[in-house]
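Understanding the architecture of this molecule
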Amino acid sequence: KNDTKNIERRSIIRILEDSLADKPNRSATGRQEAFDEVRYKLIVDLSEDDSLSRLLLMYKILDPKKTKIFMCSDFPEDNQLQKVNTIAAIRHAAVEGHTVLMTQTDDIHESFYDLFNQHFRRIDDPDRTKEPRFYANIAIGAHHKPCRVHKDFQCVVVVKKSEIPNTPAPFLNRFEKYCISHKDFLQARLQSLDPCMSIVVKSALEKVDEFFKFVEEPNFYGARAGETVESLALSVLPTPDFKFTKIDHTSTTRVQIADATSDVQQDGVGSGVGPRELLVVLMETLQNSAGFHFMKSSDEEMNSDADYILGQFASLQGEFQGIAEAVVNKRYSFNEVEGFVKEAINHLHLSPHPDEAKTEYGYMHVEGVTKEACLVVMVTVQWLAVYMCKRLLQLMTAEALTLARRRLPRWCVDCYLSHQNHFSLKDLIDSSLRSLED
């Protein structure tokens, strides 16, 4: 019986990366059997917004420094001149050994018939001391000119899925083909995260998916199942080149819940920091030390989010109720809260294996980690889910909100009406630009 448990499942993204790293075997011996070319790549983009090309570069599947991007215009007055310029630029890239990314270039594909089919003419070095040179005919207008093709030259053609039925089969057969979606990029990114952090992100995404299905796709402007949530998650997660470094922090004496009454004022509220400060420290730590990307929120919005998230845990019956109440009642100092957050983030990145126990609230128990840090892990799950749901709210139609307002959580309605400026396009654009600048 074959043992399949230890078989590694490689993602389509990893397979594409390995294929792009292949180099042709062009021996200088002159023997035909030593000649081994690597086919160029054709990527079927399952989206309709050309975002796949951006992801290929963002996630370093294609080296941004060595990749030339070519796209043809649909304007008739630009068409002929741009065709000639684009063909000449791709011809130069073939000589120099660059990688070219071609999208919306259907009108010029015929010019590269020999190149795509790798119908090369081989010229050996007379002294047999150097590698042979390879040439392919490239058409510029009505003229066919031989062009030297560098061994490092790589061509990636992107075709939308909707265009495949109208694409000639002989053209498709010239390439090594890959069908890639936003979901493939997200799955590859989750696999590369540290195990515990991956569990936290997946738990948050489950909540976001539930929200997306609850509101329903048609109620979001331009949303598409299998693309919108995945694209949103990719914009939040650390990029693949991010490397986590353990966060150093000075250990502090943590206040026990039972002994915290001495720091409580007559109204029952302590003099420490509250839910908003915890959330701010968590967000800044995720951004600055864990590589996450967030748009800046207003103080009022952060207060609302913090009260909602911590209020959930304070209402639970169990071991975390007292800790959550202590945060709500400001019984921890800023240094203590900061210590809990750093301990939690270190655990999520440096713990070698996912924890054995996991509750529906995202709690992951591991020996040696304080309960306060475990609460921060749960808050991290909730905060990631709330943040991404708020971004989805920006796409929600006013009609959908009106119809679903009684079924939506109160914070969703308040966020839509009070913080996102949906009823003033100018204010919405201004607030978005301010978030990007900050």
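Look up a bit, the structure's there.
Predicted, not measured: the structure shown is a model, and the values here were computed from it.

What follows is about the overall build of the protein chain. Within the protein chain, the secondary structure is distributed over 16 helices and twelve strands. Per-residue burial for the protein chain yields a buried fraction of 47% across its 438 residues. Sequence-distant contacts, at least 24 apart, represent 74% of the contacts inside the protein chain between residues at least 6 apart. Surface summary for the protein chain: the accessible area is close to 23,500 Å², and the carbon and sulfur share equals 48%.

With the rule as written, the count across this model stands at ten salt bridges. A salt bridge links Arg-224 to Glu-227; its shortest N-O distance comes to 3.1 Å. Where Lys-390 meets Glu-301, a salt bridge forms, and the shortest distance between an N and an O atom there is 2.8 Å. You can see Lys-390 sitting in helix α13 (residues 371–393) and its partner Glu-301 sitting in helix α10 (residues 299–314), a full 89 residues away along the chain. For the residue pair Lys-390 and Glu-301, the accessibility class agrees, reading buried in each case. Residues joined by salt bridges that share partners form a network here, namely Glu-301, Asp-305 and Lys-390.

This next bit is on helix α6 (residues 182–192). Residues of α6 that are buried include every one of His-182, Asp-184, Phe-185, Leu-186, Ala-188, Arg-189 and Leu-190, and no others. Check the buried side of α6 and you find it contacts α1 (12–21), α2 (51–58), β10 (176–180), α7 (195–215) and α8 (228–236).

The subject of this paragraph is the environment of Ser-289. Mapped onto the elements, Ser-289 comes out in the loop between α9 (275–288) and α10. A relative accessible area of 22% places Ser-289 in the partly exposed class. Placed 53 residues apart in sequence, Ser-289 and Lys-342 show a C-alpha to C-alpha distance of 9.2 Å. With near-sequence residues (within four places) excluded, Ser-289 lies in contact with Phe-242, Phe-244, Ile-247 and Glu-284.

Tracing the backbone through its elements, the reader meets Ser-198 in helix α7. Since its relative accessible area comes to 7%, Ser-198 is described here as buried. For Ser-198, the side chain forms a polar contact with the main-chain oxygen of Leu-190, separated by 3.2 Å. Look past the residues within four positions of Ser-198 in its chain and what remains in contact with it is Leu-190 and Leu-193.

What follows deals with the sheet that holds strand β7 (residues 133–140). Across the sheet, which stays open at both edges, the three strands sit in the order β6-β7-β8 with antiparallel pairing between neighbours. The open sheet terminates on both sides in strands that have one partner only, identified here as β6 (121–123) and β8 (143–148). Strand-to-strand, the axes of this sheet are offset by a mean angle of 35 degrees, without reference to chain direction. Pairing of β7 with β8 involves six bridges; the strand directions are antiparallel. What sits directly across from Ala-136, in β8, is Cys-147.

Basis of the calculations
- Residues numbered from 1 in each chain as written.
- Predicted model: local features only at pLDDT ≥ 70, side-chain atom pairs only at ≥ 80, totals over all residues.
- Heavy atoms only, no water.
- Helix = DSSP H or I, 4+ residues; strand = E, 2+ residues; numbered from the N terminus.
- Buried < 20%, exposed > 50% of the residue type's maximum accessible area, 1.4 Å probe, protein only.
- Contact = heavy atoms within 4.5 Å.
- Areas by Shrake-Rupley, 256 points an atom, 1.4 Å probe, with all protein chains shown as cover.
- Salt bridge = Lys/Arg side-chain N within 4 Å of Asp/Glu carboxyl O.
- Polar contact = N/O pair within 3.5 Å; in protein donor to acceptor, adjacent residues only side chain to side chain.
- Pairing = 2+ DSSP bridges.
- Axes fitted to C-alpha atoms, helices over the stretch in contact; angles between N-to-C directions.

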